[in-house]
Amino acid sequence: MATIGIVDTTFARFDMGSAAIDEVKRHVSVKIRRVTVPGIKDLPVAAKRLIEDSKDPCDLIIALGMPGKMEKDKMCANQASMGLIQAQLMTNTHIIEVFVHEDEAKDEKELAFLMEQRSREHAVNAVKLLFKPESLIREAGTGQRQGFEDVGPARM
Ligand SMILES: Cc1nc2c(=O)[nH]c(=O)nc-2n(C[C@H](O)[C@H](O)[C@H](O)CO)c1C
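Computed from a predicted model, the values in this text were never measured in an experiment. The written sequence of each chain sets the order in which its residues are numbered from 1. Local features in this predicted model are restricted to residues of pLDDT 70 or higher, and side-chain atom pairs are both shown and tallied only at a pLDDT of 80 or more, whereas totals for entire chains, interfaces and linings draw on every residue. Here the side-chain values reflect all heavy atoms present in the structure, with hydrogen atoms and water set aside.

A.B. asks: Help me out: how do you make sense of the confidence of the model for the protein in this one?
C.D. replies: Detailed reading of predicted coordinates is not advised where the pLDDT is low. For every residue, the predictor reports its confidence as pLDDT, a number between 0 and 100. With 100% of its residues at a pLDDT of 70 or more, the protein shows a mean pLDDT of 98. Both confidence scores are given for the complex: pTM 0.97, ipTM 0.93.

Here it is in structure tokens:
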């Protein structure tokens with residue numbers, strides 16, 4: 001049985017990890033391993049450890065976080081992203097990054113909606129990557145978005 005790792009943070013203002021787990025379970029029967037860390041810069045090593053765990057290695061990781069709205073938070077998000085990319089390259093394993101910037105939403109209600117929806121939609125992407133990669137090929141170039149509406153393909 002495949003194992004999907006979920007890494008998320010206590011800094012986030014919505015329980016993105018639980019949303020992703022619930023969504024994965026709606027689609028496939030897999031083992032889930034979850035680690036929660038304080039903030040987004042702690043995600044890369046948590047993900048890498050789950051992938052490299054000799055007893056129960058994860059086949060794919062979903063890394064979820066909510067960078068804050070200040071300029072310094074955006075710099076942290078960039079650093080965390082670079083760490084996640086480095087962890088992917090070091091382990092040859094997908095880590096699906098699910099970040100929702102706090103200022104993407106106009107208010108708290110929309111923020112909670114966006115964090116839940118993006119977590120769920122990327123969880124579906126993770127399942128597709130692992131089990132049905134051909135379904136992503138069918139979606140190539142279709143302007144998919146996660147959270148808010150898809151934008152669709154550009155027309156000539
Ligand atoms: C971090 C981030 N992640 C995603 C994502 O995973 N999926 C998505 O659809 N949109 C994301 N966004 C917002 C986009 O950069 C863009 O601002 C919106 O999709 C509007 O087109 C952002 C800012």
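Structure shown, so let's carry the discussion forward.
A.B. asks: Where do I start with the pairing of strand β3 (residues 60-65) in this structure?
C.D. replies: The two faces of the sheet receive side chains in turn, since in a regular strand these alternate between them. Only protein chains enter the area calculation, which uses a 1.4 Å probe; residues under 20% of their type maximum are buried, those over 50% are exposed, and those in between are partly exposed. Counting from the N terminus, the helices are the DSSP runs of H or I reaching at least four residues and the strands are the DSSP runs of E reaching at least two. β3 sits mainly inside the fold: six of its six residues count as buried. In β3, alternate side chains face the same way, and those of L60, I62 and L64 on one face and I61, A63 and G65 on the other are all buried. Should DSSP find at least two bridges between two strands, the strands are regarded as paired. Strand direction decides the pairing type here: strand β1 (residues 3-9) and β3, joined by four bridges, are parallel. Its bridge partner lying in β3, G5 is registered against I61. Judged from the five bridges that link them, β3 and strand β4 (residues 95-99) form a sheet pairing that is parallel. Of the residues in β4, the one forming a bridge with L64 is V98. Read as a crossover between parallel neighbours, the route from β3 over helix α3 (residues 71-91) to β4 is right-handed. By convention a crossover is right-handed if, when the strands point away from the viewer, the path from the first strand over the helix to the second runs clockwise.

A.B. asks: It is not clear to me how the environment of V45 should be interpreted in this structure. Could you clarify?
C.D. replies: Relative to the elements of secondary structure, V45 occurs in helix α2 (residues 43-52). Overall, V45 belongs to the partly exposed group, its relative accessible area being 48%. Spatially, the C-alpha atom of V45 lies 22 Å from that of V127, the residues being 82 residues apart in sequence.

A.B. asks: Honestly, the sheet that holds β3 in this entry has me stumped. Any pointers?
C.D. replies: Two strands in a sheet stick together by hydrogen bonds in their backbones, pointing the same way (parallel) or opposite ways (antiparallel). The strand order across the open sheet built from four strands is β2-β1-β3-β4, with neighbouring strands paired in parallel fashion. Both outer strands of the open sheet, β2 (31-37) and β4, are each paired with one neighbouring strand and no more. Direction aside, the axes of adjacent strands within the sheet are offset by 15 degrees on average. In this description, contact between two residues means that some pair of their heavy atoms is separated by no more than 4.5 Å. A fitted line through C-alpha atoms represents every axis, and for helices the fit uses only the stretch in contact; the resulting angles, taken between N-to-C directions, go from 0 to 180 degrees. Lying on the sheet, α3 is in contact with β3 and β4; it crosses β4 at an angle near 165 degrees. Sheet contacts for helix α4 (residues 108-131): β1, β3 and β4; angle to β4, the most-contacted strand, approximately 170 degrees.

A.B. asks: Hey, could you run me through the packing of helix α1 (residues 16-27) against α4 in this one?
C.D. replies: How two helices sit against one another is set out by the angle between their axes and by the gap between those axes. Put simply, α1 and α4 touch, their axes get as near as 8 Å, and they point 40 degrees apart. Here α1 is positioned oblique relative to α4, judged by the angle of their axes. For the element pair α1 and α4, the recorded crossing hand is right-handed. Contacts between α1 and α4 involve M16, A19, A20, D22, E23, V24, R26 and H27 on the former and, on the latter, M115, E116, S119, R120, A123, V124 and V127. Amino acid classes used here: Ala, Val, Leu, Ile, Met, Phe, Trp, Tyr, Cys and Pro are nonpolar; Asp, Glu, Lys and Arg are charged; the rest, including Gly, are polar. Of the residues belonging to the contact of α1 with α4, the class tally is eight nonpolar, two polar and five charged. Any angle between 65 and 115 degrees counts as roughly perpendicular, while under 35 counts as roughly parallel, over 145 as roughly antiparallel, and the rest as oblique. Whether a crossing is left-handed or right-handed is set by the direction in which the near helix is turned from the far one by less than a right angle, anticlockwise for left-handed and clockwise for right-handed.

A.B. asks: Sorry, what's going on with the site of the ligand here?
C.D. replies: For this description, a residue counts as near a given molecule or strand if any of its non-hydrogen atoms is within 4 Å of it. By nearness alone, every residue bordering the ligand is listed as F99, H101, E104, R118, H122, R145 and Q146. Under this definition, polar contacts are N or O atom pairs within 3.5 Å; protein pairs additionally need one hydrogen-donor-capable and one acceptor-capable atom, and for neighbouring residues in sequence, both atoms have to be side-chain atoms. Between a nitrogen atom of the ligand and a side-chain N or O atom of R118, the distance comes to 3.2 Å. Separating a nitrogen atom of the ligand from a side-chain N or O atom of Q146 is a distance of 2.7 Å. Calculation of accessible area relied on Shrake-Rupley with a 1.4 Å probe; when residues are assessed, cover is drawn exclusively from the protein chains displayed. Expressed as a share of its isolated accessible area of 480 Å², the protein-covered part of the ligand is 54%. Looking at the shell around the ligand residue by residue, the class counts come to one nonpolar, three polar and three charged.

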